[in-house]
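Single-letter residue listing:
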Amino acid sequence: MTAPKTLDTPYAPPRIFGPRYRTATLGILLVVTLIAFEGMSIGAVMPDVSKDLDALDLYGMSFSAFLIAGLFANVAAGLWSDRRGHAVPFLLGVALFVTGMVMAGAAGSKEVFIAARAVQGLGGGAVIVAIYVMIVRVYPPEARPRVFAGLSSAWVLPALVGPGLGGLIADTVGWRWVFYGIVPLVVPALVMLLPALRGGDGDTPEPGTGPRSRPLRMTLAALATAAGGGTLLYGVERLDTAPLPGGAATAAGLVLLAAGLPRLLPPKALRFGRGLPTTVMMRGVLASAFFGVNAFIPLVLKEEFGFSTTQAGVALTIGALGWSGGSYLQTRREFDRPTLVRLGATAVTAGILLTALALLPGMTGWIMAPAWMVAGFGMGIGTTSVSITTMRQSPDDEQGANSAALQVVDTLGGALTIGFGGVLVNLIGHDDIATGYTAIIAMTAAIGVLGTAVAGRMRDLP
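Presented here is a report on the structure given in the accompanying data block. (Residues numbered from 1 in each chain as written. Predicted model: local features only at pLDDT ≥ 70, side-chain atom pairs only at ≥ 80, totals over all residues. Heavy atoms only, no water.)

A few words now on the environment of Val88. Take Val88: it is sitting in helix 3 (residues 87-106). Each C-alpha atom of the pair Val88 and Ala130 lies 8.7 Å from the other, and the pair is 42 residues apart in sequence. (Helix = DSSP H or I, 4+ residues; strand = E, 2+ residues; numbered from the N terminus.)

Before going further, it helps to spend a moment on the packing of aromatic side chains. Taken as a whole and judged by the stated rule, the model has 8 aromatic pairs. Aromatic side chains Phe113 and Phe179 sit 5.9 Å apart centroid to centroid with 80 degrees between the ring planes, which places their arrangement in the edge-to-face category. Of this pair, Phe113 sits in helix 4 (residues 110-138) while Phe179 sits in helix 6 (residues 176-180), and the two are 66 residues apart along the sequence. The class for Phe113 is buried, based on a relative accessible area of 3%. (Phe/Tyr/Trp six-rings, centres within 6.5 Å; stacked < 30°, edge-to-face > 60°. Buried < 20%, exposed > 50% of the residue type's maximum accessible area, 1.4 Å probe, protein only.)

Okay, the environment of Asn74 next. With respect to the secondary-structure elements, Asn74 resides in helix 2 (residues 59-84). On the basis of relative accessible area, Asn74 is assigned to the buried category, the value being 10%. For the pair formed by Asn74 and Gly123, sequence separation is 49 residues and the distance between their alpha carbons is 9.5 Å. In contact with Asn74, not counting residues within four places along its chain, are Gly125, Val129, Gln407 and Thr411. (Contact = heavy atoms within 4.5 Å.)

One can describe the packing of helix 10 (residues 276-294) onto helix 13 (residues 337-355) by two numbers: an axis separation of 10 Å at closest approach and a directional angle of 15 degrees. Between helix 10 and helix 13, the angle is such that the two are roughly parallel. The interaxial crossing formed by helix 10 with helix 13 has left-handed handedness. Residue-level contacts link Met282, Leu286, Ala289, Phe290 and Val293 of helix 10 to Val341, Gly344, Ala345, Val348 and Ile352 of helix 13. Residue classes in the contact of helix 10 with helix 13 are distributed as 9 nonpolar, 1 polar and no charged. (Axes fitted to C-alpha atoms, helices over the stretch in contact; angles between N-to-C directions. Parallel < 35°, antiparallel > 145°, perpendicular 65-115°, else oblique. Left-handed = near helix turned anticlockwise from the far one by under 90°. Nonpolar A, V, L, I, M, F, W, Y, C, P; charged D, E, K, R; others polar.)

Backbone geometry places Lys268, a non-glycine residue, at a positive phi of 70 degrees. Residue class for Lys268 comes out exposed when judged on its relative accessible area of 54%. Of note, the phi angle at Phe272 is positive, near 55 degrees, even though the residue is not glycine. The residue Phe272 is located in the loop between helix 9 (243-264) and helix 10 in this model. Residue class for Phe272 comes out buried when judged on its relative accessible area of 15%.

Okay, structure coming up:
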């Protein structure tokens, strides 16, 4: 009797939780879960932060600072990872993220808190990009789809419990512990990821050769875009109190955006060119509409309806349930993706408008919860469909650049609408949050209507 030949042994695909990859997988999922929890819980505790630090005038900027800093880090970390490896951007990103968390927890003024949010954004943006590169270089091709599916799952739990748990922590031991509490959990994640940081089995991909793969060009474009977004928001926030400096900053921000943003996106994207350009832009449209309202729902619920921080967090959690449901349903069978994105934009717009019902006389603030579930459902079916379509429309040597473009418009879109929402609240007055929120609804619903109108342009010309 002879031993079976190697060729006779059935091939068993690698298991991401098997002995070889278990620690790397758990480390990746833990890091992403921590970043996701911070992102999901901050919305629930920001009203407490604003009250404690007298920072309501910078409410929108606290979100935008994180997003704009992350935008630059996405591009810079991606370029570094392609040429020098993922270890340095990952470790530097973790260090910056932890530093920002400690700064935020210890912040004694709104200026320090805004700076802390920017440091967190630099760290979080670098870590996410480095993790994507790490997956490609550590795991064999047949295992990567399961790892990316695990990443999606790592966002679900924070989306479901983050707002409520963050609100509970703020109501019991204080909002500062939402930031402090995450810091010790980074240590086991780093320990588990040490082998993956030294290298892996995957091949190092060749850097692209197109214009969006040139380090200096892309770094300058990312810097101009991030600086432009921040300068624009700084300027418009001061138009009412300091018209000349505010107007100058606004103009400078627009010039910087015009110089940098087009170089980060596919040609004709800003004109919603048919096919890939519109597909990429739809990610930004959806993010602009949804997050421009999502950031202000806890503020309205607390200021206008007397909700506790925990109750306001629960309202956002219900919206996350809609997002999870939409994401799951779009996997059940093959859909026409542009149609699904149009449906998603329509649902986001409907959810935004439905939240306005809470402001009618005699209505309860809890009406925002099911309304936001509708909007979350739209994001669940829309954003995933945009990602799938982008990859289908991208040549092999442009998939990385187009993935980065998706992140850029997602980040910038959310940062700008949140920032402009904060401006509207400041202009209308902090004693009339309901009217400010109504203006935010009008702004974001118009963006949603635009998305519904142009989604069909995702289809390539026959």
